[in-house]
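Residue strings, one per chain:
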Amino acid sequence: MILRNLFSGSSLKRLLGYLPPYKGIIALSLFFMVSAGAASSLIAWLLGKLTDVGFYNQSAWIIIAAPLGLIGVSVLHGGSMFLSNYLLSKVSQSVSATLRQQMFHNLLRWPSAAYQNNLTGTITSKFVFEANVMLSNATKSCIILVRDSSQVLGLTGMLLWQDWKLSLMALAIGPLIFILLRYVSVKIKSVFASCQESFATVLSKVKEVYEAHRLIKISNTYKKEFDQFAHINSEIYKMMVQITKITSLGTPVSQLLCMVGIAIVLTFAVFQMQTGTLNRGQFVTFLAALLLLIPPIKNLAGVNTGFVMIKVAADSIFATLDENKEEDSGKVTLDYCSGNVVFEHVSLRYPNTDRDAVHDFNLTVNPGDSIALVGFSGSGKSSLVNMIPRFWNPTSGRILIDGYDTRDITLKSLRKQIAIVSQDVILFDDTIRNNISYGVPNATEEQINKVIDDSALREFIEALPKGLETPVGEAGNFLSGGQKQRISIARALLKDAPILILDEATSALDSISEAHIKNALEKLMKGRTVFIVAHRLSTVSGATKIVAMAEGEVKEVGTKEELLKRGGLFANLYHLQSLHVLETE
């Protein structure tokens, strides 16, 4: 009944859907489980026969046959146990690998909102903890369920064959065990779900502290961070102790109920043997069967906990698999792009916010135009350019590229036409070469060398013993901020896309490095449509058009000279930055 309730949920049914490809292995594993269970009944039967034939009939052949028979049954039991465990574990690890592969496949295709809504610790926990725990528990629980149920059925049949009245008396404790297991199931489910969330919080906290170690040191906030972690750790400790208490209580209470039943039955069995209604061989068989029943009943008493943990983990994993992927319903394949971009009444409002990040934005960008977006922080500049490759879709309005609504273009062909250099540089734990050629795997040595020269990386790379094959470390932590930014620029140069987005592209560069790449950027911008999110207003001098933004809206549009003469928002920003430069000098 309890297991039926557990499997009535869609998560465990979906999990079962992963098993058909392994039905041959599962069938073989089930055969060995049943064999292991049946071996216990044979042991009880052999002990009874040994008593009758060996001690009372005193047959000579039993001296050799009895030990050989017991050894043979033990080999059957042990071999069947090993093979069932190995085969089912092989299936569980295959399913676990499939689930991780599917989760990673979906993770790569999530919309931006999904990344915002899920903590990195939560997602890491699903890959590392939940997938492994779920399938490990599934293997263990299934083996116990099948093998020990077979053993209980075989031994119960042996008991009924010997004396059905005594057997029915022993089975009377079943309803009490059922009530106990139901109580344990409800308690475990709620506590284990909370425990999973806390483990995810621990992973997030460790990652956060790891990345912020310099800030923590300079702020001397060791105690604050330690106290926060200690609180989370304490909550996990309490929950794990609670789980242990519930599971530890369930097994011995079940065992106690079994032993009470066995004690009562043995009392009557001894009475029957003394009155002559039960012979010694039957008594030994009956006693052995009862004693052999204790371990499987003990295991079955705890198997419900395993299935509860499987269900909680399965719910969590399938929730991740069911997360919506980013919308890609476009039918147009953009093989060629001239770079014409039109914004028509474009607005963007992020989830769970009460104002637009971009509001009613209108702009026509001709091929080859360089558009500089300027404004104070939070004015909507980055939000606007993030809608061009559809990292976010407009809440209203539309963006046209070469006359096509970007939502009608396939994501693959749309993003093939766009290169981005962001202020948040992303480097993989790989070599400099592979980071530069990321996304362009067929780049030639000549192309790579050209972008190295254009992005002022030549001197830096030639000074390294391994050159282009030098590892950059996790997130590029072996490199300086300027070096990482120049690799990112080289990557964009290599892609050679008709639309280029420079989102604070030179913010991490010093003046010398910026001067090195200025000519390369000017060459790259020629004949291409470029959007420059500008932090340093010195970078907008080559722009054909400057768009000054505030609170997500366009305040003014024009060339640098026109906007300075107008004396509006851009002029204010320009004078403020010029004043700041003078003060720092």
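Residues numbered from 1 in each chain as written. Predicted model: local features only at pLDDT ≥ 70, side-chain atom pairs only at ≥ 80, totals over all residues. Heavy atoms only, no water.

Participant: How would you sum up the packing of aromatic side chains? Please name residues and give values.
Facilitator: Following the criterion strictly, the structure yields nine aromatic pairs and no others. Measuring from centroid to centroid gives 6.1 Å for Phe 82 and Tyr 86, while their planes differ by 15 degrees, and the two rings are stacked. Taken together, the positions of Phe 82 and Tyr 86, both in helix α4 (residues 62–108) and four residues apart, correspond to about one turn of that helix. Between the aromatic rings of Phe 570 and Tyr 574, the centroid separation amounts to 6.0 Å while the plane-to-plane angle is 35 degrees, which identifies the pairing as tilted. One end of the pair, Phe 570, and the other, Tyr 574, are both in helix α20 (residues 569–584), four residues apart, so they sit about a helical turn from each other. Overall, the relative accessible area of 0% leaves Phe 570 in the buried class. One aromatic cluster in this structure is built from Phe 343, Phe 361 and Phe 531. (Phe/Tyr/Trp six-rings, centres within 6.5 Å; stacked < 30°, edge-to-face > 60°. Helix = DSSP H or I, 4+ residues; strand = E, 2+ residues; numbered from the N terminus. Buried < 20%, exposed > 50% of the residue type's maximum accessible area, 1.4 Å probe, protein only.)

Participant: Would you mind going over a nonpolar patch on the surface in detail, with residue names and values included?
Facilitator: Together, Phe 82, Leu 83 and Tyr 86 make up a nonpolar patch on the protein surface, roughly 310 Å² of accessible area in all. For Phe 82, a relative accessible area of 54% translates into the label exposed. (Patch = residues over 30% accessible without salt bridge, like charges linked within 9 Å, V, L, I, M, F, W, Y side chains within 5 Å. Areas by Shrake-Rupley, 256 points an atom, 1.4 Å probe, with all protein chains shown as cover. Salt bridge = Lys/Arg side-chain N within 4 Å of Asp/Glu carboxyl O.)

Participant: Which residues make up the pairing of strand β8 (residues 529–533), and what values go with them?
Facilitator: Looking down a regular strand, the side chains alternate between one sheet face and the other. Among the five residues of β8, five are classified as buried, and the element is accordingly described as predominantly covered. Along β8, one buried face is formed by Thr 529, Phe 531 and Val 533 and the opposite face, lined by Val 530 and Ile 532, is buried too. Sheet analysis places strand β3 (residues 370–374) next to β8, joined by four bridges and oriented parallel. Bridged to Ser 370 within β8 is Val 530. Bridge analysis of strand β7 (residues 499–503) against β8 gives five bridges, and the strand direction is parallel. Residue pairing in the sheet places Asp 503 in a bridge with Val 533 of β8. (Pairing = 2+ DSSP bridges.)

Participant: Break down the sheet that holds strand β1 (residues 341–348) for me, citing the residues and quoting the values.
Facilitator: Taken together, four strands build an open sheet; the order of strands is β2-β1-β4-β5 and the sheet is antiparallel. Every other strand in the sheet has two partners, leaving β2 (358–365) and β5 (404–405) as the edge strands with one partner each. Inspection of the sheet shows β1 paired to β2 by five bridges, in the antiparallel sense. Bridge assignment links Leu 348 to a residue of β2, and that residue is Val 358.

Participant: Tell me about the nonpolar core, and name the residues and values.
Facilitator: Within soluble globular proteins, side chains that are nonpolar tend to cluster in buried spots. Counting 41 residues, the largest nonpolar core has Val 374, Ile 432, Ile 436, Leu 457, Ile 546 and Phe 570 as the members making the most contacts within it. The dominant element in this core, judged by the number of residues it contributes, is helix α17 (residues 481–495), at six residues. Within the second largest apolar cluster, 33 residues are counted, among which are Leu 15, Ile 26, Ala 114 and Phe 318. (Core = buried A, V, L, I, M, F, W, Y, C linked by side-chain atoms within 4.5 Å.)

Participant: Explain the sheet that holds β7 to me, and be specific about the residues and the numbers.
Facilitator: Pairing within the open sheet is mixed, and its six strands lie in the order β6-β7-β8-β3-β9-β10. Of all the strands in the sheet, the pair left with one neighbour each is β6 (418–422) and β10 (553–558). Strand-to-strand, the axes of this sheet are offset by a mean angle of 15 degrees, without reference to chain direction. Against the sheet, α17 touches β6 and β7, its axis set at about 170 degrees to β6. (Axes fitted to C-alpha atoms, helices over the stretch in contact; angles between N-to-C directions. Contact = heavy atoms within 4.5 Å.)

Participant: So, the packing of helix α15 (residues 445–454) against α17: which residues are in play, and what are the values?
Facilitator: Two elements in contact, α15 and α17, have axes separated by 9 Å at closest approach and are oriented at 130 degrees. Taken together, the axes of α15 and α17 are oblique relative to one another. Viewed along their axes, α15 and α17 form a crossing whose handedness is right-handed. Touching Gln 447, Ile 448, Val 451 and Asp 454 of α15 are Ala 490, Leu 493 and Leu 494, all from α17. (Parallel < 35°, antiparallel > 145°, perpendicular 65-115°, else oblique. Left-handed = near helix turned anticlockwise from the far one by under 90°.)

Participant: Any chance you could break down the pattern of salt bridges for me, citing the residues and the numbers?
Facilitator: The tally for this structure, following the rule as stated, stands at 13 salt bridges. Across the pair Asp 227 and Lys 223 runs a salt bridge, and its minimum N-O distance is 2.7 Å. Here Lys 223 and Asp 227 lie together in helix α10 (residues 222–275), a separation of four residues that amounts to about one turn. The salt bridge partner of Arg 433 is Glu 445, with a shortest N-O separation of 2.9 Å. Placement of the pair is Arg 433 in helix α14 (residues 432–436) and Glu 445 in helix α15, with a sequence separation of twelve residues. We classify Glu 445 as partly exposed; its relative accessible area is 41%. In this structure, a network of salt bridges that share partners links the residues Arg 433, Glu 445 and Glu 469.

Participant: Lay out the side chain of Ser 379 in plain terms, naming residues and giving numbers.
Facilitator: With respect to the helices and strands, the residue Ser 379 is situated in the loop between β3 and α12 (381–386). The buried category is assigned to Ser 379, whose relative accessible area is 4%. Here the side chain of Ser 379 touches Lys 381 through a polar contact of 3.5 Å, side chain to side chain. Not counting residues within four places of it along the chain, the set of residues in contact with Ser 379 comprises Ala 357, Met 549, Ala 550, Glu 551, Gly 552 and Glu 553. (Polar contact = N/O pair within 3.5 Å; in protein donor to acceptor, adjacent residues only side chain to side chain.)

Participant: Requested: an account of unusual backbone geometry, with residues and values cited.
Facilitator: Among all residues except glycine, the phi angle is most often negative; among peptide bonds, the trans geometry is most common. A positive phi is found at His 345, a non-glycine position, where the angle reads about 50 degrees. Here His 345 shows up in strand β1. Unusually for a residue other than glycine, Glu 551 sits at a positive phi of about 55 degrees. Looking at the secondary structure, you find Glu 551 in the loop between β9 (545–550) and β10.

Participant: Lay out α17 with the relevant residues and their values.
Facilitator: Between its terminal C-alpha atoms α17 stretches 22 Å, which fits the 21 Å expected from 15 residues at 1.5 Å a residue. Counting buried positions along α17 yields twelve of 15 residues, so the element is predominantly enclosed. For α17, the full list of buried residues reads Gly 482, Gln 483, Gln 485, Arg 486, Ile 487, Ser 488, Ile 489, Ala 490, Arg 491, Ala 492, Leu 493 and Leu 494. With its phi angle positive at about 55 degrees, Asp 496 sits one or two positions after the end of α17. (Expected span 1.5 Å × (residues − 1).)

Participant: Before we move on, could you go through the environment of Val 540 and cite the residues and values that matter?
Facilitator: Summarising the element assignment, Val 540 is placed in the loop between β8 and β9. By relative accessible area, Val 540 is classed as buried at 0%. Separated by 167 residues in sequence, Val 540 and Leu 373 have C-alpha atoms that sit 8.7 Å apart. Beyond its immediate chain neighbours, meaning those up to four positions away, Val 540 contacts Ala 372, Val 374, Ala 534, Ile 546 and Phe 570.

Remember, this is a structural readout, not a statement about activity or role.
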